[in-house]
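Below are the chains, spelled out letter by letter.
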Amino acid sequence: MFDNFDLMVAALWAGMRTTVWVTLASYAIALFIGMILVVMHVSPALPARWAANAYTQLFRNVPLLAVLFIMYFGLPSVGIVADNWVWALLGLGMYTGAFVGETLRSGINSIPLGQAEAARSIGLTFSQSLGGVILPQAVRVVIPPLGSLLIALVKNSALVLAIGVPELTAQSRRLIEDTQSRFDLWGVIIGVTVSYLLIAFVLSYLVRFVEKRTAFVR
Amino acid sequence: MVTISGVNKHFGELHALKDIDLTVGDGEVVVLIGPSGSGKSTLCRTINRLEVVDSGTITVDGKPLPAEGRALANLRADVGMVFQHFNLFAHLTVMQNITLGPLKVRRTPKAEANERARQLLDRVGLADKADVYPSQLSGGQQQRVAIARGLAMDPKLMMFDEPTSALDPEMINEVLDVMQDLAREGMTMVVVTHEMGFARRAANRVVFMAEGQIVETATPDEFFDDPKTARAQDFLSKVMTH
């Protein structure tokens, strides 16, 4: 079943490493974008709220594959040229960022209004009460759903094979379509499944670790 | 200290405050009483602009309320507020709750802020609770921490919005005792409450509100012994029977 096992493992391992770093790098971008979006969402300035809303609607409602194609094929045609890696990270990051923003917003909405009123009543400014009172509590609420977004991102990252990034799914396709038919179909399917499960398990464990570390007595 | 004149406030169709005029002098304790929905909490919250009024003017310490931003934050820092549901910061210890304002708003050095917080905790009888989280305290203890948090800003004025309404009966007095001490020491206070005993003992002036209007203003003795208006007589007959 596992013909040429060592070659297969080497290819899948290379794909796994790519998948992991593409996931983590684009997740970092997504967290950054989500953070900016949520501050805009709760800001007293109407244009900021409007812009955050427009961004969220755009990236939540356009398929990820379309986002990647628009970047990879569309932007170079208007003179914005970059590596396919760049588009992969930006596409995944900007797409997931919209979801991170909404998750953070629901976290903020879950904090009782009285917390913000108390923060304001001792004289904290908007940004002080957001940074010192609201976000620290909201972050703890949103760690589990942010973890789910991370796992979803692992799977979404498979789509960047469409713009030529050799991540895990791209590698397994290469193995299946091997011109010399050196690899068994089911061997590769099992191999790639186990690889994704491994990534997901490790990341879930990390999320749970962070969750425990940030817990406080309620 | 506080001058409210011609203030109106609507919540949709509801006319919550109708042409309110009220002055609170330096060191005066004004108690707002009245039936639920009479607008007393709303009036209290307009003084530090947690509620924005539709018309009329409010001045605190001679200065009109700023609209937004840093100036409003500075005003709020000078006006202590105690809420019905305590609203202690759930992710911070008791000590951190009390020092957050002094550290971030007043830029007090940490050692000094901690020292002052300890004095205040001692004063409200919770010296041993500095390092616990709010959820580990009883309601009465949480409310006393909330008072200490307000006092830590050295406010010119303290406002209490039904501070004992969410408490078990046996915890009400520990909070009222702290408030009464404050009143005796000359703190300017605006208190919304249903505690008639406290109003009688601690108030310089009782303001009776109903349906968004100030119906009667009097000294506690006048008000409780000889209410002038039928509305106040009716209210007192219902709350004082037991």
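Model, not experiment: these values are computed from the prediction.

Draft legend 1. Here's a closer look at the overall build of chain A. The helix and strand inventory of chain A stands at eight helices and zero strands. For chain A, the spread of C-alpha atoms along the principal axes amounts to about 75 × 50 × 20 Å. The proportion of buried residues among the 218 residues of chain A is 36%. Pairs at least 24 apart in sequence give 79% of the contacts found in chain A among residues at least 6 apart.

Draft legend 2. A look at the overall build of chain B. Within chain B one finds nine helices and ten strands. For 242 residues, the compact-globule formula gives about 18 Å, and the C-alpha radius of gyration of chain B, at 18 Å, lands near that figure. Overall, the C-alpha framework of chain B stretches about 55 × 45 × 30 Å when taken along its three principal axes. With 242 residues in all, chain B has 48% of them scored as buried. By sequence separation, contacts in chain B at least 24 residues apart represent 65% of the contacts at least 6 residues apart.

Draft legend 3. Representation of helix H6 (residues 126-156) of chain A within the structure. For H6 of chain A, which comprises 31 residues, the first-to-last C-alpha distance of 36 Å sits more than 12% below the rise-based estimate of 45 Å (1.5 Å per residue). At Ile-143 of chain A, H6 of chain A shows its largest bend, some 50°, and a proline, Pro-144 of chain A, comes one to four positions later.

Draft legend 4. Highlighting the packing of helix H1 (residues 5-42) of chain A against H6 of chain A. Residue and element names in this part refer to chain A. Here H1 crosses H6 at 145°, and the two axes come no closer than 11 Å. You can see that H1 and H6 cross each other, and the crossing is right-handed. On H6, the residues that touch Thr-19, Thr-23, Ser-26, Tyr-27, Val-39 and Val-42 of H1 are Leu-130, Leu-150, Leu-153 and Val-154. By residue class, the composition of the contact of H1 with H6 is seven nonpolar, three polar and no charged.

Draft legend 5. The arrangement of the interface of chain A and chain B in detail. On the side of chain B, 23 residues touch chain A, which itself brings 18 residues to the contact. Of all elements in the fold, only helix H5 (113-121) and H6 of chain A reach the threshold of two or more residues within the side of chain A that touches chain B. A per-element tally of the side of chain A that touches chain B places H5 of chain A first, with six residues. Here the side of chain A that touches chain B is composed, by residue class, of seven nonpolar, eight polar and three charged.

Draft legend 6. Highlighting the sheet that holds strand E3 (residues 29-33) of chain B. Residues and elements named next belong to chain B. Strand order in the open sheet formed by six strands is E6-E7-E8-E3-E9-E10, with mixed pairing between adjacent strands. The open sheet is flanked by strand E6 (79-82) and strand E10 (213-218), the only strands paired with a single partner. The sheet shows a mean angle of 15° between the axes of neighbouring strands, direction not considered. Of the pairings in the sheet, the one linking E3 to strand E8 (residues 188-192) comprises four bridges and is parallel in character. Note that in E8 the partner of Val-31 across the bridge is Val-191. Packed onto the sheet, helix H5 (residues 139-151) meets E6 and strand E7 (157-161) and runs at close to 170° relative to E6.

Draft legend 7. Looking closely at the nonpolar core. Among the nonpolar cores identified, the biggest contains 117 residues, and Val-31, Leu-32, Ala-148, Met-159 and Val-190 of chain B are the most heavily contacted of them. Ranked by residue count, the leading element in this core is H6 of chain A, at eleven residues. Ignoring anything within four residues of it in the chain, the contact list for Val-31 of chain B reads Val-191, Thr-193, Ala-199, Ala-203 and Val-206 of chain B. Ala-11, Leu-168, Leu-175 and Val-192 of chain A belong to the second largest nonpolar core, which has eight residues in total.

Draft legend 8. Representation of the sheet that holds strand E2 (residues 14-24) of chain B in the model. In spatial order, the strands read E2-E1-E4-E5 (chain B); together these four strands make up an open sheet with antiparallel pairing. Two strands in the sheet have a free side with no partner beyond their single neighbour: E2 and strand E5 (63-64) of chain B.

Draft legend 9. Region of the structure containing the environment of Leu-75 of chain B. All names here are of chain B. Checked against the element boundaries, Leu-75 lands in helix H2 (residues 69-78). Classification of Leu-75 by C-beta neighbours within 10 Å gives buried; the count is 20. A sequence separation of eleven residues divides Leu-75 from Pro-64, and the C-alpha atoms of the two residues are 9.8 Å apart.

Draft legend 10. Structural context of helix H8 (residues 185-214) of chain A. Residue and element names in this part refer to chain A. Here H8 spans 44 Å end to end across 30 residues, near enough to the 44 Å set by a 1.5 Å rise per residue. For H8, the complete set of buried residues consists of Val-188, Gly-191, Val-192 and Ser-195. Contacts from the buried residues of H8 go to H1 and helix H7 (168-176).

Draft legend 11. A look at the pairing of strand E4 (residues 55-60) of chain B. Residues and elements named next belong to chain B. Examined bridge by bridge, strand E1 (residues 2-11) and E4 share five bridges and lie antiparallel to one another. From the neighbouring strand, Ile-4 faces E4, where its bridge partner is Ile-58. Across two bridges, E4 lies against E5 in antiparallel orientation. By the bridge assignment, Val-60 is partnered in E5 with Lys-63. Connecting E4 to the next strand, E5, in antiparallel fashion are two residues, including Asp-61 with a positive phi near 55°.

Calculation notes
Residues numbered from 1 in each chain as written. Chains lettered and ligands numbered in written order. Predicted model: local features only at pLDDT ≥ 70, side-chain atom pairs only at ≥ 80, totals over all residues. Helix = DSSP H or I, 4+ residues; strand = E, 2+ residues; numbered from the N terminus. Buried ≥ 20, exposed ≤ 12 C-beta atoms within 10 Å, placed from the backbone. Contact = placed C-beta atoms within 7 Å. Rg over C-alpha atoms; globule rule 2.2 N^0.38 Å. Expected span 1.5 Å × (residues − 1). Bend = angle between axes of the 7 residues up to and from the residue. Axes fitted to C-alpha atoms, helices over the stretch in contact; angles between N-to-C directions. Left-handed = near helix turned anticlockwise from the far one by under 90°. Nonpolar A, V, L, I, M, F, W, Y, C, P; charged D, E, K, R; others polar. Pairing = 2+ DSSP bridges. Core = buried A, V, L, I, M, F, W, Y, C linked by C-beta atoms within 7 Å.

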